[in-house]
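Take a look at the letters that make up each chain.
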Amino acid sequence: MRISSADIIVTSPSRNFVTLKIVTEDGVVGWGDATLNGRELAVASYLSEHVLPLLIGRDAHRIEDTWQFLYRSAYWRRGPVTMAAIAAVDMALWDIKGKVAGLPLYQLLGGASRVGLHTYGHASGRDLPELFDSVRATLEEGHRSVRIQTSIPGVRAVYGVASQAQSTGERYDYEPAGRGSQPAEEDWDTGAYLRHLPTVFEAVRNEFGSELPLLHDGHHRMTPLQAARLGRSLEPYDLFWLEDCTPAENQRALEVVRRNTITPLAIGEVFNTIWDFQHLIQAQLIDYVRAASTHFGGVSPLKKVMDFAAQYQIKSGFHGPTDVSPIGFAAQVHVGLAIHNFGIQEYMLHSSLTESVFDQGMTFVDGFLHPSDRPGLGVEVDEEAAAAFPYQRAYLPFNRLPDGTMHDW
Ligand code: EZ4
Ligand code: CO
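Note that the coordinates shown come from a computational prediction; the quantities given were computed from them, not determined experimentally.

Quick notes on the rules
- Residues numbered from 1 in each chain as written.
- Chains lettered and ligands numbered in written order.
- Predicted model: local features only at pLDDT ≥ 70, side-chain atom pairs only at ≥ 80, totals over all residues.
- Heavy atoms only, no water.
- Helix = DSSP H or I, 4+ residues; strand = E, 2+ residues; numbered from the N terminus.
- Rg over C-alpha atoms; globule rule 2.2 N^0.38 Å.
- Buried < 20%, exposed > 50% of the residue type's maximum accessible area, 1.4 Å probe, protein only.
- Contact = heavy atoms within 4.5 Å.
- Areas by Shrake-Rupley, 256 points an atom, 1.4 Å probe, with all protein chains shown as cover.
- Lys, Arg positive; Asp, Glu negative; His and termini not counted.
- Charge placed at Lys NZ, Arg CZ, Asp CG, Glu CD.
- Pairing = 2+ DSSP bridges.
- Axes fitted to C-alpha atoms, helices over the stretch in contact; angles between N-to-C directions.
- Phe/Tyr/Trp six-rings, centres within 6.5 Å; stacked < 30°, edge-to-face > 60°.
- Donors = N, O, S within 2.8 Å, 3.2 Å for Na, K, Ca; no water.
- Tetrahedral: all angles 85-135°; square planar, octahedral: opposite > 155°, others 65-115°.
- Expected span 1.5 Å × (residues − 1).
- Domains from an automatic or database assignment.
- Buried area = accessible area lost by both parts, 1.4 Å probe.
- Salt bridge = Lys/Arg side-chain N within 4 Å of Asp/Glu carboxyl O.
- Polar contact = N/O pair within 3.5 Å; in protein donor to acceptor, adjacent residues only side chain to side chain.

What about the overall build of the chain?
Counting secondary structure elements, the chain contains 13 helices and 20 strands. In terms of C-alpha radius of gyration, the chain reaches 21 Å, essentially the compact-globule figure of 22 Å for 409 residues. Relative to its full complement of 409 residues, the chain shows a buried share of 58%. In the chain, the proportion of contacts linking residues at least 24 apart, taken out of those at least 6 apart, comes to 73%. Of the accessible surface of the chain, which amounts to about 16100 Å², a share of 50% is contributed by carbon and sulfur atoms. Taking the average location of the 34 positive side-chain charges in the chain and that of its 49 negative ones, the two points are 6 Å from each other.

So this is what it looks like as structure tokens:
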């Protein structure tokens, strides 16, 4: 079953998405997600200039061989641009295989291991009443677990905090990939954060009780010792996880954190390959794998890293922001349904504009996410609708400390 065409669609319904479309000679269409937030056109160009010409005439059934070919023949391995490009090809070929078999992807990965995926949604607030309203709205949306992000006294704009109250009826999307010619500047003060956050979790526990699973994203801003201190100070509030407590580059940093706190740790949304997790998994320094199908080379490596993690009782917590397209999201929902060591799925609902381009079969009922039984990934793209939303330059923000020093965002 030869590939007869491969094309890139760049579209911006609410935000930018890069989508790969592969068509076989008998007309089967496969879709893949190659969206890299803030660097979208680099991946589009990597694909169209260097990968698409290699796909024409290849056997669409040879997913693993194509993955290895793209990874090894480039010589320059890994990196977010390369791995997002390979991810799109991998997803599109799994989509095609599922459609040819007449089976949803999760069936090809071993079948369902559960009725659906437990999710967590996002809550945030500039003060406690706003945060509590946001938690209630997140629960009403159907989530059974909630990520808590909050403003910090003296800090102007903080990652993860919606700029308006959720109760105003505005769709909640804190995601600050601001469209414009320059990235937004935010500020940060780690000391103020470390003092304030435990008081917020204490208040949330008092309001919502001890059973609601709570999560928090540190977004790579702490030193190992600061992260250890935060993990320890949050222990009374029994977090489901503390995410990205230190920058991802230095994996040994997690040793210091681990030695000093029993708060569960999740990391890896910016990781590209299984090698980034090698030490963290083998040394049992983390509890949850935060990889996303789109930024990790696709379905195939996601399944592999989770099988590796399973030997160490480490579970999945795949990255599910709105900058992973409905295609990439569906891909990892299928993986999560199939693997034994599923943990939780982050789920930010896409906007209705995004859904006007990406028709997804996925369902979210009684707190359980299911990818649907449509063959393949279960997402189809309306190319005419996509064409109405041209690319808009967009950047993620950056951070400065009170004295002006650049800090991790
Ligand atoms: O900042 O996806 O846990 N979620 C996150 C995200 C990331 C964005 C970056 O594109 O950390 O909000
Ligand atoms: Co995160």
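A short note on the sheet that holds strand β1 (residues 3-11)
Within the open sheet, the 3 strands sit side by side as β1-β2-β3. Their pairing is antiparallel. Since the sheet does not close on itself, it has two edges, and those belong to β1 and β3 (29-33), each with one partner. The average undirected angle you get between the axes of adjacent strands in this sheet is 20 degrees. Of the strand pairs in this sheet, strand β2 (residues 17-24) and β3 are connected by 5 bridges, and their pairing is antiparallel. Residue pairing across strands places I22 opposite G30, the latter belonging to β3. Across the sheet, helix α11 (residues 326-338) lies against β2 and β3, angled at about 95 degrees from β3, the strand it touches most.

Section: the environment of V10
By the secondary structure assignment, V10 is in strand β1. Take V10: its relative accessible area is 27%, and that puts it in the partly exposed class. In this structure the C-alpha to C-alpha distance between V10 and L41, which are 31 residues apart in sequence, comes to 8.3 Å. Beyond its immediate sequence surroundings of up to four residues, V10 is in contact with F17, V18, L41, A44, F389 and Y391.

Things to note about the packing of aromatic side chains
Throughout the structure, instances matching the rule amount to 15 aromatic pairs. When the centroid spacing of 5.3 Å and the interplanar angle of 85 degrees are considered together, the rings of Y120 and W241 count as edge-to-face. Residue Y120 is found in strand β4 (residues 117-125), and its partner W241 is found in strand β9 (residues 241-243); the two are separated by 121 residues along the sequence. A centroid spacing of 5.3 Å and a plane angle of 20 degrees characterise the contact between F329 and Y347, whose relative ring orientation is stacked. In this pair, F329 is assigned in helix α11 and Y347 in the loop between β13 (345-346) and α12 (352-357), connecting sequence segments 18 residues apart. Look at F329 and you get buried, because its relative accessible area is 2%. A residue is classified by how much of its surface remains accessible, and Y347, at 9% relative accessible area, is buried.

Some words on the coordination of the cobalt ion (ligand 2)
At 2.0 to 2.1 Å from the cobalt ion (ligand 2) lie its protein donor atoms, namely D217 (OD), E243 (OE) and E269 (OE). Relative to the metal, the 6 donor atoms surrounding the cobalt ion (ligand 2) lie at angles of 24 to 178 degrees, and the coordination shape comes out irregular. Look at where the donors of the cobalt ion (ligand 2) fall in the sequence and you get D-x25-E-x25-E. Within this pair, whereas D217 is found in strand β8 (residues 214-217), its partner E269 is found in the loop between β10 (265-267) and α9 (278-282), the two being separated by 52 residues in sequence.

Some remarks on the environment of L242
Of note, L242 is situated in strand β9. Between the C-alpha atoms of L242 and D217, which are 25 residues apart in sequence, the distance is 6.0 Å. Contact partners of L242, with chain neighbours within four places excluded, come to H216, G218, A227, L230, G231, T263, P264, L265 and A266.

Some points on the sheet that holds strand β20 (residues 406-407)
Pairing within the open sheet is mixed, and its 3 strands lie in the order β7-β19-β20. Two strands close off the open sheet at either side, each with one partner strand: β7 (185-187) and β20. Strand direction decides the pairing type here: β7 and strand β19 (residues 398-400), joined by 3 bridges, are parallel. Residue pairing across strands places E185 opposite F398, the latter belonging to β19.

Considerations on the environment of G57
Along the chain, G57 turns up in the loop between α1 (40-55) and α2 (63-73). G57 sits in the partly exposed class, given a relative accessible area of 34%. Remark: the alpha-carbon pair of G57 and H350, spanning 293 residues in sequence, is separated by 35 Å. Setting aside its immediate chain neighbours within four residues, G57 contacts R2 and I3.

A word on α11
An α-helical turn contains 3.6 residues, so a residue and the one three or four places further along point in the same direction. If you check α11, its first and last C-alpha atoms are 18 Å apart, about what 13 residues at 1.5 Å a residue would give, namely 18 Å. Of all 13 residues in α11, 13 are buried; the element is thus mostly enclosed.

As for the domain arrangement of the chain
Partitioning the chain into structural domains gives domain 1 (3-103) and domain 2 (117-375). Between the C-alpha centres of domain 1 and domain 2 there is a distance of 26 Å. Facing the 34 residues of domain 1 at the interface are 32 residues of domain 2. The junction of domain 1 with domain 2 conceals about 2400 Å² of combined surface from both sides, 57% of it contributed by carbon and sulfur atoms. The interface formed by domain 1 and domain 2 includes 2 salt bridges. Among the ionic pairs, D276 bridges to R78, the shortest N-O distance being 3.7 Å. Where domain 1 packs against domain 2, one counts 13 residue pairs in polar contact (both at pLDDT 80 or more). Elements that contribute at least two residues to the side of domain 1 that touches domain 2 include exactly β2, β3, α2 and α3 (80-101). For the side of domain 1 that touches domain 2, the leading source of residues is α3, giving 11 residues.

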